[in-house]
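# Analysis of the macromolecular model
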Amino acid sequence: MSGAGRGLSEVDWRVYAILDPDFVKGDALERARALMAGGVGVLQLRDKRGDARKTFELGRALVDAARDTKTLIIINDRLDVALAAGADGVHLGPNDVPVGAARRVVGDRLIIGASAGTPERAAALVAEGADYLGVGAIFEARAVKSDASSPQGPELLRAVRRQVGGALPVVGIGGIDVQNAGQVAEAGASGVAVIRALCQADDPYAATSQLRDAFDAGLEPGR
Ligand SMILES: Cc1ncc(COP(=O)(O)OP(=O)(O)O)c(N)n1
Ligand SMILES: Cc1nc(C(=O)O)sc1CCOP(=O)(O)O
Ligand SMILES: [Mg+2]
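Since this is a predicted model, take the numbers as computed values, not measurements. Per chain, the residues get numbers from 1 upward, laid out in the order the sequence is written. By the order in which they are written, chains take letters starting at A while ligands take numbers starting at 1. Totals for whole chains, interfaces and linings use all residues, but because this is a predicted model, local features are given only for residues with pLDDT of at least 70 and pairs of side-chain atoms are given and counted only at 80 or more.

### Some points on the overall build of the protein chain
- Here a strand is any run of E in DSSP of at least two residues, a helix any run of H or I of at least four, and the numbering for each starts at the N terminus. Regarding its fold elements, the protein chain presents nine helices and eight strands.
- The globule rule used here is 2.2 Å times the number of residues to the 0.38 power, and the radius of gyration it is set against is calculated over C-alpha atoms. A compact globule built from 223 residues would reach a C-alpha radius of gyration of about 17 Å, and the protein chain, at 16 Å, matches this within 12%.
- Residue burial is a threshold on neighbouring C-beta atoms within 10 Å of the residue's own C-beta, all placed from the backbone, with 20 or more meaning buried, 12 or fewer meaning exposed, and counts in between meaning partly exposed. For the protein chain, with 223 residues in total, the buried portion stands at 48%.

### Comments concerning the site of ligand 2
- Should the C-beta atom of a residue, placed from the backbone, lie within 6 Å of a molecule or strand, that residue is near it. Taken together, 17 residues are adjacent to ligand 2, and G136, A137, A141, I195 and R196 come closest.
- Classification used: nonpolar for Ala, Val, Leu, Ile, Met, Phe, Trp, Tyr, Cys and Pro, charged for Asp, Glu, Lys and Arg, polar for all others including Gly. Class assignment of the residues belonging to the shell around ligand 2 gives a composition of nine nonpolar, six polar and two charged.

### Description of the site of ligand 1
- By nearness alone, 17 residues border ligand 1, and G93, S115, G134, I173 and A193 come closest of all.
- Every element with two or more residues in the shell around ligand 1 is listed here: β1 (15-19), β5 (111-116) and β7 (170-173).
- Partitioned by chemical class, the residues of the shell around ligand 1 number six nonpolar, seven polar and four charged.

### Notes on the UniProt feature "binding site: 4-amino-2-methyl-5-(diphosphooxymethyl)pyrimidine" (unreviewed entry) in the protein chain
- UniProt positions are given in the numbering used here, feature names are shortened, and annotations may be inferred rather than shown by experiment. UniProt's feature table lists "binding site: 4-amino-2-methyl-5-(diphosphooxymethyl)pyrimidine" (unreviewed entry) at Q44, L45, R46, D47, K48, N76 and S115, given in the numbering used throughout.
- Taking the number of C-beta atoms within 10 Å as the measure of exposure, N76 has 24 and is therefore buried.
- Excluding anything up to four places from it in sequence, N76 contacts Q44, L45, R46 and H91.
- Examined against the element boundaries, S115 turns out to sit in strand β5.
- Under the C-beta neighbour-count criterion, S115 is labelled buried, with 22 such atoms within 10 Å.
- When near neighbours in sequence (up to four residues on either side) are disregarded, S115 contacts G93, P94 and G134. Residue pairs are scored as contacts if the distance between their C-beta atoms, which are placed from the backbone, is within 7 Å.

### A word on the packing of helix α1 (residues 28-38) against helix α2 (residues 52-66)
- Close contact between α1 and α2 brings their axes to 10 Å; oriented N to C, the two are set at 30°. As judged from the angle between their axes, α1 and α2 are roughly parallel. Handedness of the crossing formed by α1 with α2: right-handed. Along the contact surface, α1 presents A28, L29, A32, R33 and M36, while α2 presents L58, A61, L62, A65 and A66.
- Residue composition of the contact of α1 with α2, grouped by class: nine nonpolar, no polar and one charged. Interaxial angle, 0 to 180 degrees, is taken between N-to-C directions of lines fitted to C-alpha atoms, where a helix line uses only the stretch in contact. Angle categories are assigned with fixed cut-offs, so that under 35 degrees is roughly parallel, over 145 is roughly antiparallel, 65 to 115 is roughly perpendicular, and the rest are oblique. By the definition used in this description, the sense in which the near helix is turned from the far one sets the handedness, with an anticlockwise turn below a right angle giving left-handed and a clockwise turn giving right-handed.

### A closer look at the pairing of strand β8 (residues 191-194)
- Of the two faces of β8, the one lined by G191 and A193 and the one lined by V192 and V194 are each fully buried.
- Note: two strands are recorded as paired if DSSP finds a minimum of 2 bridges between them. Two elements, β1 and β8, share three bridges in a ladder whose sense is parallel. Within the sheet, the bridge partner assigned to V15 lies in β8 and is V192.
- As defined by bridge partners, β7 adjoins β8 across three bridges and the pair is classed as parallel. The partner of V171 across the bridge, within β8, is G191.
- Traced from β7 through helix α7 (residues 181-186) to β8, the parallel crossover comes out right-handed. By definition, the crossover connecting two strands over a helix is right-handed if that path, from the first strand to the second, turns clockwise as seen with the strands pointing away from the viewer.

### Here's the deal with the nonpolar core
- Only buried residues count toward a nonpolar core: Ala, Val, Leu, Ile, Met, Phe, Trp, Tyr and Cys, linked into one set through C-beta atoms within 7 Å. Among the nonpolar cores identified, the biggest contains 71 residues, and A17, L43, L133, V135, V184, V192 and V194 are the most heavily contacted of them.
- It is β1 that provides the largest number of residues to this core, a total of five residues.

### A short note on the environment of V97
- Structurally, the position occupied by V97 is in the loop between β4 (89-92) and α4 (99-106).
- Judged by local crowding, V97 falls into the partly exposed class, with 17 C-beta atoms found within 10 Å.
- Each C-alpha atom, one on V97 and one on R78, is 8.1 Å from the other, the two residues being 19 residues apart in sequence.
- Those residues within four positions of V97 in sequence are excluded, and the remaining contacts are L79, L92 and A102.

### Quick look at helix α9 (residues 204-219)
- Expected span of a helix, by definition, is 1.5 Å for each gap between consecutive residues, and there is one gap fewer than residues. With 16 residues, α9 ought to run about 22 Å at 1.5 Å a step, and its terminal C-alpha atoms sit 23 Å apart, in line with that.
- Of the positions making up α9, those classed as buried are P204, A207, T208, L211, R212, A214 and F215. With its buried residues spanning 160° around the axis, α9 presents them on a single face.
- Elements in contact with the buried residues of α9: β1, α1, α7, β8 and α8 (196-199). As used here, the arc belongs to the directions running from the helix axis to the C-beta atoms.

Right under this line is the structure:
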């Protein structure tokens, strides 16, 4: 059960927005509100340059803004900030607190997401207690994350699904947009995690539903 009382099975993973203040056009909180109105199921705060206080303050504002919505709020990297801000969860990568250690501290109080770049890593993270996986880089993403892997293509998602089965949500990440979201759905992902496609869209509300439609189209049989 998440910090806000929502169970994992109630979450709509199809559009997972990552709000990164370094890439947001305009005001971050205003954009977050538009994304929530557009129906993003998950919104991650990825604040790579803010200090803990600044991330806490924006995180807290996002938690307040999400209160009467179905959007889950996740904090990137910082377990302490996720707990203090009352977020639903934390997303942990290879340079963050290990998933198993985080799980021992928070039990079921937080959803714990983790980054997997290979099927083997995905299996290890599931064993450590991850609730969902972010898998990438699917397409080119080094303009946003300088240490992202070279593009692995949707085949990486297929390989991760073969390894971990359907037991937990798996979102693709890296260079995903309305043009290629369908390929990510076809490869077995539960959703698409995106920065530029939503942080830089002129109309974030419309962009959210376009991305969801593109993802859904990839799920249609015989496509
Ligand atoms: C949903 C999702 N998947 C992967 C990542 C990447 O996390 P990480 O590898 O820790 O890299 P940074 O984003 O912290 O630079 C993510 N943030 N979200
Ligand atoms: C934060 C992040 N993680 C990645 C990974 O491969 O783990 S790629 C990436 C950047 C995603 O930004 P955009 O949607 O604009 O490509
Ligand atoms: Mg990280």
